[in-house]
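# Structural features, examined
Listed below are the residues making up each chain.
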Amino acid sequence: MAKQTAKNATCEQCRKEMKPGASCVMTHLYADGKWWDRIPVDEDRKDHCGDCNAPGGGYHHPGCDTARCPICGGQEAFCDCEITHMGDANAALHPVPEDEA
Ligand SMILES: [Zn+2]
Ligand SMILES: [Zn+2]
Ligand SMILES: [Zn+2]
């Protein structure tokens, strides 16, 4: 997954401009044959994520430096987990066919 700079960037996944307070709709990620809940921005956070601008309680845009991987606890953008898809809550209700993964 390509790293992108937050300033005036558009999220490749949710297609939203990463403005302050814009949360990503990608609440889940797919790796190792299943969907995982992504780790949201700390709910108590009063400002927004300094890297991707997601608000407290929202979700980081994929590629954010500070997004944590729910599988290994490392940095989602740089860890060794094979994250093949990002999905919203609806997508996460359905399995991803292996040939697409
Ligand atoms: Zn996004
Ligand atoms: Zn972020
Ligand atoms: Zn990981």
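Scroll up to find the structure.
The rules we used
- Residues numbered from 1 in each chain as written.
- Chains lettered and ligands numbered in written order.
- Predicted model: local features only at pLDDT ≥ 70, side-chain atom pairs only at ≥ 80, totals over all residues.
- Helix = DSSP H or I, 4+ residues; strand = E, 2+ residues; numbered from the N terminus.
- Buried ≥ 20, exposed ≤ 12 C-beta atoms within 10 Å, placed from the backbone.
- Contact = placed C-beta atoms within 7 Å.
- Pairing = 2+ DSSP bridges.
- Axes fitted to C-alpha atoms, helices over the stretch in contact; angles between N-to-C directions.

### A short note on the overall build of the chain
Check the secondary structure of the chain and you find 0 helices and 3 strands. Reading the secondary structure of the chain in the N-to-C direction produces β-β-β. When each of the 101 residues of the chain is scored for burial, the buried share is 28%. Within the chain, counting contacts between residues at least 6 apart in sequence, those at least 24 apart form 50% of the total.

### Re the pairing of strand β1 (residues 28-31)
For a regular strand, side-chain orientation follows a simple rule: the groups alternate between the two sheet faces. Alignment of β1 against strand β2 (residues 34-37), held across 4 bridges, turns out to be antiparallel. When the bridges of β2 are listed, Tyr30 appears paired with Trp35. Following β1, the chain reverses through 2 residues before pairing antiparallel with β2; Asp32 in that reversal takes a positive phi of roughly 55 degrees. Taken together, the 4 bridges between β1 and strand β3 (residues 83-87) define a ladder with antiparallel strand orientation.

### Observations concerning the sheet that holds β2
Overall, antiparallel pairing links the 3 strands, which are arranged β2-β1-β3 in an open sheet. Each edge of the open sheet carries a strand with a single partner, namely β2 and β3. Averaged over neighbouring strand pairs, the angle between their axes works out to 30 degrees when direction is ignored.

### So, unusual backbone geometry
Positive phi values are uncommon outside glycine, yet Arg15 reaches one of about 65 degrees. Here Arg15 lies in the segment before β1. Of the residues examined, Arg15 has 8 C-beta atoms within 10 Å and is grouped as exposed. Residues other than glycine seldom take positive phi values, yet Asn53 does so here, at roughly 75 degrees. By C-beta crowding, Asn53 is classed as buried, having 26 other C-beta atoms within 10 Å.

### What about the environment of His85?
Within the secondary structure layout, His85 lies in strand β3. Excluding its chain neighbours within four sequence positions, the residues that come into contact with His85 are Leu29, Tyr30 and Val96.

### Focus: the environment of Thr66
Here Thr66 lies in the loop between β2 and β3. Expressed as a C-alpha distance, the spacing of Thr66 and Cys49, which sit 17 residues apart in the sequence, is 8.0 Å. Those residues in contact with Thr66, other than ones at most four positions away along the chain, are Cys49, Asp51 and His60.

### Topic: the environment of Ala92
By secondary structure assignment, the location of Ala92 is in the segment after β3. Ala92 sits 65 residues away from Thr27 along the chain, and the two C-alpha atoms are 8.5 Å apart. Contacts of Ala92, omitting those with residues within four sequence positions, involve His28, Trp35 and Gly87.

All quantities given are derived from atomic positions and should not be read as evidence of function.
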